[in-house]
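Residue strings, one per chain:
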Amino acid sequence: MTGLDPLKPRLPSPLREVSDERFARHGVRLLLKRDDLIHPDVVGNKWRKLAPNLAAAAGRTVVTFGGAYSNHLRATAAAGRLLGLPTVGVVRGQELADRPLNPSLARCAADGMRLRFVDRATYRDKSEPGTLAALVRAADVTHAYVVPEGGSNAAAVSGCRALGEELRGRADVVAVACGTGGTLAGLAAGLAPGQRALGIPVLKGGFLGAEITALQEAAFGLPSGNWNLDDRFHFGGYARVPAELDAFASDFGTRHAVPVERLYVAKLLSALVTLTEEGTFPRGTTVAAVITGRPFP
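(A) Focus on the layout of surface pockets. The computed volume of the second largest pocket comes to approximately 230 Å³. If you go around the second largest pocket, you meet 13 residues; those closest to its centre are Arg 74, Leu 263, Pro 295, Phe 296 and Pro 297. Residue assignment for the lining of the second largest pocket shows that the elements contributing at least two residues are α3 (71–83) and α4 (103–110). Here the lining of the second largest pocket is built from residues that sort into 7 nonpolar, 2 polar and 4 charged.

Set out below in structure tokens:
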């Protein structure tokens, strides 16, 4: 942790059982892995993914990517402020440059992140070496350390392996919401034989399985652990929060005194209720849900 000590994470994150009749009547135990309590500003899986990347940055300016409401951009900006590390956020949507900053981007700016807005076509090609090099040059940064969108790379996957290790022997199934797949890739690798990781993608498209495999191969040299995805619970796509999902999140939060983040965590918890009602989990199964973040602001 040397060099990252100012961040003072709470690890391992708490794990607690909750009593919920929607699970109990099917003979399923529900545990909540409270990664949202790791750090007040660098929350949940963002801590686990960013910590190894921040260490590797070794004081260099961190350049990273995200949309207008990116949790990853906010976490990176906050970490930069706490560590005295310069950060640059490349934001999808050139049209946003002429508008007032939304609360999420305003928080990034307040934490010292320099924001650069790019058109959506360029943003889609940001992983291409030539486009990436041009974006870094345009950011006017020398010796940049680049972190991909969502923070998912081999270093992040290795960092998330500790999440699985913290849950060894504690649950039969460990479920997590997925954006770019890095958390699931590391989680699955850290679990014990006989445990399974379940990913709930929050984006449409069905593309995530290949990306998770590629991330595991980059981090560990080969696919690792027992994991699967269920693509049915994106609720229309990223950042889509229909009224029924918002109502579910409010109800769950009231029942269990847990602040339920809508873009990822609500979709995960709603999926687990549905899967339990469908009989996906045999009686006697213990399911752990990873609470990766909390509502903003």
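Now that the structure is up, let's keep going.
(B) Examining the packing of helix α2 (residues 45–57) against α3 more closely. Interaxial distance between α2 and α3 falls to 11 Å at its minimum, and their mutual angle equals 50°. Looking at the two axes, α2 sits oblique to α3. In this structure, α2 crosses over α3, and the sense of that crossing is right-handed. Between α2 and α3, the contacting residues are Lys 46, Leu 50 and Leu 54 on the first element and Asn 71, His 72, Ala 75, Thr 76, Ala 79 and Leu 83 on the second. Residues of the contact of α2 with α3, tallied by class, amount to 5 nonpolar, 3 polar and 1 charged.

(C) Spotlight on empty space enclosed by the protein. Throughout the structure, instances matching the rule amount to 1 cavity of 30 Å³ or more. Considered as a void within the structure, the largest cavity measures approximately 50 Å³ in volume. Contributing to the lining of the largest cavity are Cys 178, Gly 179, Pro 201, Val 202, Leu 203, Gly 205, Gly 206, Phe 207, Leu 208 and Asp 231. Here the residues of the lining of the largest cavity are counted per class, giving 6 nonpolar, 3 polar and 1 charged.

(D) Seen up close, the sheet that holds strand β7 (residues 173–178). Strands sit in the order β1-β2-β10-β7-β8-β9 across an open sheet of 6 strands; the sheet is mixed. Where the open sheet ends on each side, the last strands, each with one partner, are β1 (15–18) and β9 (227–229). Geometrically, the sheet is characterised by an average inter-axis angle of 25° between neighbouring strands, direction not taken into account. Summarising the sheet, strand β2 (residues 29–33) and strand β10 (residues 286–290) pair through 5 bridges and their orientation is parallel. By the bridge assignment, Lys 33 is partnered in β10 with Val 290.

(E) Representation of helix α11 (residues 265–277) in the model. Here α11 contains 13 residues, and its C-alpha end-to-end distance of 19 Å stays within 8% of the 18 Å for a straight helix at 1.5 Å per residue. Summarising burial for α11: 11 of the 13 residues are buried, a large majority. Of the residues making up α11, those classed as buried are Val 265, Ala 266, Lys 267, Leu 268, Leu 269, Ser 270, Ala 271, Leu 272, Val 273, Leu 275 and Thr 276. Turning to α11, the residues buried within the fold contact α1 (21–24), β2, β7, β8 (196–201), α10 (243–256) and β10. Backbone geometry just after α11 places Gly 279 at a positive phi near 80°.

(F) Geometry of the pairing of strand β5 (residues 114–118). Two strands pair when backbone bridges link them, and strand β4 (residues 87–92) and β5 are joined in this way by 5 bridges, in the parallel orientation. Its bridge partner being in β5, Val 90 is matched across the sheet by Arg 116. For the segment spanning β4, α4 and β5, crossover handedness is right-handed.

(G) Focus on the pattern of salt bridges. All told, the structure shown has 20 salt bridges when counted by the stated rule. Across the pair Arg 81 and Asp 111 runs a salt bridge, and its minimum N-O distance is 2.5 Å. Residue Arg 81 is located in helix α3, and its partner Asp 111 is located in the loop between α4 and β5; the two are separated by 30 residues in the primary sequence. Accessibility expressed as a relative area gives 37% for Arg 81, which makes it partly exposed. Of the residues examined, Asp 111 reaches a relative accessible area of 14% and is grouped as buried. In this structure, the salt-bridge partner of Asp 230 is Arg 232, at a minimum N-O distance of 3.0 Å. The exposure class of Asp 230 is buried, given its relative accessible area of 13%. The exposure class assigned to Arg 232 is partly exposed, which follows from its relative accessible area of 47%. Through salt bridges that share partners, Asp 20, Glu 21, Arg 22, Asp 251 and Arg 255 make up one connected network.

Rules and cut-offs
Residues numbered from 1 in each chain as written. Predicted model: local features only at pLDDT ≥ 70, side-chain atom pairs only at ≥ 80, totals over all residues. Heavy atoms only, no water. 1 Å grid on protein atoms, 1.4 Å probe; cavity = no way out; pocket = protein on both sides within 12 Å on 5 of 7 lines; lining within 4 Å. Points joined across faces, edges and corners; volume = space filled by probe spheres on them. Helix = DSSP H or I, 4+ residues; strand = E, 2+ residues; numbered from the N terminus. Nonpolar A, V, L, I, M, F, W, Y, C, P; charged D, E, K, R; others polar. Axes fitted to C-alpha atoms, helices over the stretch in contact; angles between N-to-C directions. Parallel < 35°, antiparallel > 145°, perpendicular 65-115°, else oblique. Left-handed = near helix turned anticlockwise from the far one by under 90°. Contact = heavy atoms within 4.5 Å. Pairing = 2+ DSSP bridges. Expected span 1.5 Å × (residues − 1). Buried < 20%, exposed > 50% of the residue type's maximum accessible area, 1.4 Å probe, protein only. Right-handed = clockwise from strand over helix to strand, strands pointing away. Salt bridge = Lys/Arg side-chain N within 4 Å of Asp/Glu carboxyl O.

Remember that the coordinates give geometry; whether it matters functionally is a separate question.
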